[in-house]
Structure formats: C-alpha cells, structure tokens
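Understanding the architecture of this molecule
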Amino acid sequence: MRRYILRRLLQLIPLLIGISLISFLVMHLAPGDPTALFIDPNVKPEELARVRTNWGLDQPIYVQYFLWLKNALLLDFGRSYTTGQPVINEIAERLPMTLLLMIPSYLLTLLICIPVGVISAVRKNGWFDNLFTFLSFAGMAIPTFWLGLMLMLLFSVQLRWLPAVGGIILPLMTMTIGSLAGLTRYQRAAMLEVLNQDFIRTARAKGLPERVVIFKHALRNALIPIVTILGLSLPDLFGGAFVIETIFAWPGMGRLGVQCIFQRNYPVIMGVVMLSALLIVLGNLLADIGYALVDPRIRYERRD
Amino acid sequence: MSGATKFGFLIMLLLITGAVLAPALAPFDPDAISESEIQGPSARHWFGTDDLGRDLFSRALFGARISLTVGVVAVVIAVLIGTIGGALAGYYGGWLDGLIMRLVDIMLAFPSIFLILAIQTMLTPNIYNVMIVIGLTSWMGVSRLVRGEFLRIRELQYVEAARAIGCSDLRIIFRHILPNAAGPIIVAGTLGMAGAVLTESALSFLGLGVQPPLSSWGNMLMDSQAYMRDAPWLAIIPGLLILLTVLSLYFIGEGLREKLNVRD
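Here's what I pulled together on the structure shown here. Sequence order as written defines residue numbering, which begins from 1 separately in each chain. Chain A is the first chain written and ligand 1 is the first ligand written, with later ones labelled in order. With pLDDT at 70 or above as the cut-off, local features in this predicted model cover only qualifying residues; side-chain atom pairs require 80 or more to be listed or tallied, and sums for whole chains, interfaces and linings still use all residues. Note that the side-chain values use all heavy atoms of the structure and ignore hydrogens as well as water.

**Some words on the nonpolar core**
Grouped burial of nonpolar side chains is what soluble globular proteins tend to show. In these notes, a set of buried Ala, Val, Leu, Ile, Met, Phe, Trp, Tyr and Cys residues joined through side-chain atoms within 4.5 Å is what counts as a nonpolar core. Remark: exposure states derive from per-residue accessible area (1.4 Å probe, protein chains only) relative to the maximum for the residue type, with buried under 20%, exposed over 50%, and partly exposed in between. In terms of nonpolar packing, the biggest core is built from 125 residues, with A:Ile19 and A:Trp68 touching the most fellow members. Not counting residues up to four positions away in its chain, the partners in contact with A:Trp68 are A:Ser20, A:Phe24, A:Phe77, A:Met270 and A:Met274. If you look at the next biggest cluster of nonpolar residues, it comprises 16 residues, including B:Tyr91, B:Val146, B:Cys167 and B:Leu178. In this analysis, two residues are considered to be in contact whenever any of their non-hydrogen atoms come within 4.5 Å of each other.

Put into structure tokens, the structure is as follows:
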C-alpha cells in the first residue's frame, strides 16, 4: 500500500505541471494586456513599461512560465496585481470561508443521502422511492445559481426569515441540495446492486431477519462506492462554490477566483486554479486509498 | 416507454416547436419595448415584461432558439472530440492511450466552470465561443466511455474476423466497432446536452455567455436578482424553462438507456 501511495503521489507531479501549463497558456495567449485594466490609460509610456517589467510581462511567454514554475515550487505564487499582497496570503484568507461552506455541506449530504438512498433501494418503487427519485431528478436538473436565487426569493424576499447576503444558511442549503440529488441516486444504485447479490439471497435463505440482512450484510457493502464518489464529487463541489459564492457575495476562494478572472489578475487566478486542482487530485487519491481500506478485496499491488 | 420518458419527449417537442416557430408564435418583437414599465403576467403579456418593458414570453421563445442551439452544438463538439479520442485510445492502446488518458485526467482535475469562465473572459464572449468552449471542456466523460467500449469490443470475434480478411484499421474502427458502441454514446450525448444547457445558462447569467440584446434563458436571469422583490417572475420563468429542458433531457436519456440496453 505504501508503495502504491508513493507511486500515485509521484504521478501527481506531471498532472499538476500539465494543469499549470494549460492554465498559463489559456491566460497568457489571450489577446490584450492585463495592465490595460489596472493602469490609467493616460499614464506615461515609461511608467507603463516599468509596471510591465515589474510584473514580468515583458518577458517571452516560456520565460514567464518557467519563472512562475520555479517560484511556485518554492511555494511563491507571486503577488496580486490589485492589492500587491502575496497570492498565498490572499488565498489563505479566503480558503477558510470556502471550507466553512464545503465541509458542513459534505457532512449534511452524507447524512441525508445514505439513509434516503438505502430506504429507496429497499422499498424500490414504493411511494418513498418514487418521491425521492422525482426530487433527485429535479435536483440534478436545477441550475445551481437559479436554485440559489429561488431560495433567496422564498426565504429572504417573501418570508423574510434569512438574509439574502451574509448569512451562511442559504449558501449552505444551495450547495447541499445541489450535491445531494446525484449522490442519493448513486447510493440507491449501489444498494440495489448489493441487494441483487448471491450472498444476500443466501443470508435470506438461511433465515436471517430482514433487519440483519439489510444492515449487516447489504449496507456495509453498499457504503463502499460512496467513499469513491466522495472524492470524485470534489470538482463539482468546487465548481458549485464559484457560482454560489458569487450569488451570495460569500467572501471565499471561489468568489475571489471569479473576481480575479474578470480583472485578469493572473497570479491570483493561477494560485486558485492550482490549489483547487491539488485538492481535487488529492481527493481522488484519498478516494482510491479509502476504497482499498474499507474493502479488503481490493489490492493495488501484488503481495510479495 | 415510461411515463417520465414520454413526458420528456412531449416537453422537448413543445420547446423545439416554440423555438422553430418563434417568429410566428411570438406576440411581440422580442427586442422591442412594448410597455413603458415592468408588468406582471397578464392576458396581453403571458409571462409579464422585463425591466425594459420587453415582452418576456416573446423573449423566452427566442431564448429557446439560442439555449437549445448552444446545447446541441456544444454537445456535438464534445461527442466528436470524445469519440475520436476514446476510439484512438481504446483501439491502439500503448503510448497513444497513455497520452490521451493523461489529457483526460488533467482536464478532469480542473473545476470545469472555472476553466470555462477563464477561457470566456479571454475570448470575446459571444454565442459561437460559448458553444466551442463548452464543447472543448466537456468531452472527457465521452472519451472514457468510448475507450471502455473499444477495449471490450476490439477483443470480440467479429473484429478478429474483420482483421483476418484484411480490413484497414480505419474501417474496423468506424464500420465495425463504432456502430456497436453507438448506444452508450447516444445516451451520453443526451445527458451531455442537459449539462451544456446548464453550463450555458450559468455562463450567460454571469455575463460571460450569450450577450444581450440576443436573449438566452441564462442572460434573461442576469438582471433578475435586482428586481426580485417587485418582479419575481423575471427570476422564476426563465429558470423554470431551463429546469424543464434539462429534466426532459434526463428523462429522455434514461428512456434511451433502457431502450438501447446501456449499462449505467
């Protein structure tokens, strides 16, 4: 297992370099110049040239990239064009706010999707299953930003229970409902598949009470896939955070990223992309490791 | 066919009819200011009017043209790239497989909405770039799927037979394997179109997609947040249309999955 983890960690290096290269090229090959957005157009050309030199924009693009890469390896992601603060500090300030949304949303999702998925599978095609099948399809079909708007319309404009901006409940609800639908379907499918296995038939045939069959034999096995999907759903969760934080003016990393995209604040965008990508690939890796830990049948390497 | 699938086809049919016949069906010019102020839904304006006094029903009909076209074109691009990439990777294997699948891994590690936003701000946001960008950032799932199908099918006897009688690689890929992998691709395409419609709406909502005066359901929602108290229908109606479209596509996709016997 240790060798497997080490190999996977080493594989992350080319992956992250590939991601940084694509992001860098996408931003820097675009026509136009970020200085145009920050600097007074009436400024003297010498002054403009000085700023460009300062930001390294006068260098050929491959030089700029290798400089960025060299510094990034030393955890120096440069300074924000707008505030002059180190990118690391800017992100460190915002990341806790994003995690404050994501972690509770993750836990809530798990807490709801497992029982709902399991009950739906056990009582397949019953009223509970039909209701939640319909709800999860609706949940998957709702645009996240519109769900946010509708919750805002209901809870802050109509009922006046919650603030539209600044409170945590509305963005948390939006994020949770958004990820809940898909995961519930997934948990239901996993449980259904286990319930069709031979060992469940055996357990029933030898006269075990249904309760024992469901909780001891089926549920334990049906939880395995959800471990994987937890890791794999990270990109969607991040994607959702960008939009949700923007709507609710939530001062997290996603909103920072979106603002910086509009401002073409290259160093901060690179920082946000790399951090999100790192968390996503680590999430995938943890999912694979977790998968092997909970399911002893899975071996990633030959036993010596 | 299940009730949900029938519902899906019915709604899609209605939406497509509305989109195609928009110039004939729309009671007002979608860009013309027909009232001097915002009005709620009425017999004259079924969906009310927007903040500029334009008829929302007419704008929604014309918006359907844009939103559905963007969805279809984007998904065609994604399916083309994904199918070619997956077919090459699955059929040839080796270094080509490694290269294509690493690219898939890289693309999957981006939060895609972020990549799309970044590309969109760099390009001029217009309807063509929206289609291209969504297509270029959503082909990875199809690629993995097609690769899997190719890995499975290329070992089957009829492929061996085709090779034995001297068929070229291209002929085997396109005439022998691809048609047998069509089912999963069609299902993925249907669900992919749902995803593309969702992405277009989010992009246009953020002001980086389809640009006014052209109306899409997403950009109709753009200013609605400001009028939520006085004109909630501005926020409700375009969103419901997106929801209905995506839901119908999901239902159609599920129906096709069952009909074409595609595993989940």
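So that's the structure; there's more coming.
**Some details on the pattern of salt bridges**
All names here are of chain B. Salt bridge, as used here: a side-chain nitrogen of Lys or Arg that lies within 4 Å of a carboxyl oxygen of Asp or Glu. Counted by the stated rule, this structure contains 10 salt bridges over all chains. Linking Arg-152 and Glu-149 is a salt bridge whose minimum nitrogen-to-oxygen distance equals 2.9 Å. Separated by three residues within a single helix, Arg-152 and Glu-149 lie in helix 7 (residues 140-153), roughly one turn from each other. A relative accessible area of 40% means that Arg-152 is categorised as partly exposed. Look at Glu-149 and you get buried, because its relative accessible area is 8%. A run of H or I in DSSP becomes a helix once it reaches four residues, and a run of E becomes a strand once it reaches two; helices and strands are each numbered from the N terminus.

**Focus: the packing of aromatic side chains**
Aromatic pairs are defined between Phe, Tyr and Trp rings, using the six-membered ring for Trp, whenever the two ring centres lie within 6.5 Å; interplanar angles under 30 degrees are classed as stacked, those over 60 as edge-to-face, and all others as tilted. Under the definition given, this model contains 15 aromatic pairs over all chains. An angle of 55 degrees between the planes, with centres 6.3 Å apart, marks the rings of A:Tyr81 and A:Tyr266 as tilted. With A:Tyr81 in the loop between helix 4 (61-73) and helix 5 (87-122) and A:Tyr266 in helix 14 (residues 266-294), this residue pair connects regions lying 185 residues apart in the sequence. Judged by relative accessible area, A:Tyr266 falls into the buried class, the value being 4%. Ring geometry for B:Phe47 and B:Phe57: centres 5.1 Å apart, planes at 90 degrees, overall edge-to-face. You can see B:Phe47 sitting in the loop between helix 2 (22-25) and helix 3 (56-92) and its partner B:Phe57 sitting in helix 3, a full 10 residues away along the chain. With relative accessibility at 22%, the residue B:Phe47 sits in the partly exposed group. Residue B:Phe57 is classed as buried on the basis of its relative accessible area of 16%. An aromatic cluster is defined as three or more aromatic residues linked by ring pairs; in this entry it consists of A:Phe24, A:Tyr65, A:Phe66, A:Trp68 and A:Phe77.

**Considerations on unusual backbone geometry**
All names here are of chain A. Located in the positive-phi region is Leu-75, a residue other than glycine, with phi close to 65 degrees. Tracing the chain through its elements places Leu-75 in the loop between helix 4 and helix 5. Since its relative accessible area comes to 60%, Leu-75 is described here as exposed. Positioned with a positive phi, Ala-249 is a non-glycine residue whose angle comes to about 50 degrees. The class for Ala-249 is partly exposed, based on a relative accessible area of 30%.

**Structural notes on the interface of chain A and chain B**
Counting residues at the interface gives 42 residues for chain A, matched by 38 residues for chain B. Contact between chain A and chain B buries roughly 3,500 Å² in total, counting both sides, with carbon and sulfur atoms accounting for 86%. Taken together, chain A and chain B are joined by zero salt bridges. Definition of a polar contact: a pair of N or O atoms within 3.5 Å, with one able to donate and the other able to accept a hydrogen when the atoms are protein atoms, and with sequence-neighbouring residues admitted only if both atoms are side-chain atoms. There are three residue pairs in polar contact (both at pLDDT 80 or more) connecting chain A and chain B. Breaking the side of chain A that touches chain B down by element, the ones donating at least two residues are helix 1 (2-28), helix 6 (127-141), helix 7 (144-158), helix 12 (234-247), helix 13 (253-263) and helix 14 of chain A. Among the residues making up the side of chain A that touches chain B, the classes are represented as 34 nonpolar, six polar and two charged. The term buried area means the drop in 1.4 Å probe accessible area that two parts suffer when joined, counted for both and summed. Each residue gets one label: Ala, Val, Leu, Ile, Met, Phe, Trp, Tyr, Cys and Pro are nonpolar, Asp, Glu, Lys and Arg are charged, and the others, such as Gly, are polar.

**What about a nonpolar patch on the surface?**
A cluster of nonpolar side chains, contributed by B:Val72, B:Val73, B:Val76, B:Leu80, B:Ile84, B:Leu88 and B:Tyr92, occupies part of the molecular surface with about 560 Å² of accessible area. Mapping B:Leu88 onto the fold places it in helix 3. Nonpolar side chains (Val, Leu, Ile, Met, Phe, Trp, Tyr) are joined into patches within 5 Å and like charges within 9 Å, using only residues with over 30% relative accessible area and no salt bridge. Throughout, the Shrake-Rupley method with a 1.4 Å probe supplies accessible areas, and for residues the shown protein chains are the sole cover considered.

**Regarding the side chain of B:Ser67**
Residue and element names in this part refer to chain B. Here Ser-67 shows up in helix 3. Within polar-contact distance, the side chain of Ser-67 engages the side chain of Glu-200 at 3.4 Å. Not counting the four nearest positions on each side in its chain, Ser-67 is found in contact with Val-197, Glu-200, Ser-216 and Trp-217.

**Re the packing of helix 3 of chain B against helix 12 (residues 233-259) of chain B**
All names here are of chain B. Close contact between helix 3 and helix 12 brings their axes to 11 Å; oriented N to C, the two are set at 35 degrees. In terms of crossing hand, the pair formed by helix 3 and helix 12 is right-handed. Contacts between helix 3 and helix 12 involve Leu-56, Ala-60 and Leu-68 from the first element and Trp-233, Leu-234, Ile-237, Leu-241 and Thr-245 from the second. Looking at the contact of helix 3 with helix 12 residue by residue, the class counts come to seven nonpolar, one polar and no charged. Between N-to-C directions, angles cover 0 to 180 degrees, with each direction set by a line fitted to C-alpha atoms, over the stretch in contact for helices. Less than a right angle of anticlockwise turn of the near helix away from the far helix marks a crossing as left-handed, whereas a clockwise turn marks it as right-handed.

**Notes on the environment of A:Phe128**
Here A:Phe128 shows up in helix 6. Beyond its immediate sequence surroundings of up to four residues, A:Phe128 is in contact with A:Val116, A:Ile119 and A:Ser120.

**A closer look at the environment of B:Pro213**
Residue and element names in this part refer to chain B. For Pro-213, the location among the structural elements is in the loop between helix 10 (182-205) and helix 11 (217-220). Exposure remark for Pro-213: the relative accessible area of 53% places this residue in the exposed category. Separated by 55 residues in the primary sequence, Pro-213 and Tyr-158 place their C-alpha atoms 55 Å from one another. With residues near it in sequence (within four places) discarded, Pro-213 still touches Asp-31 and Arg-59.

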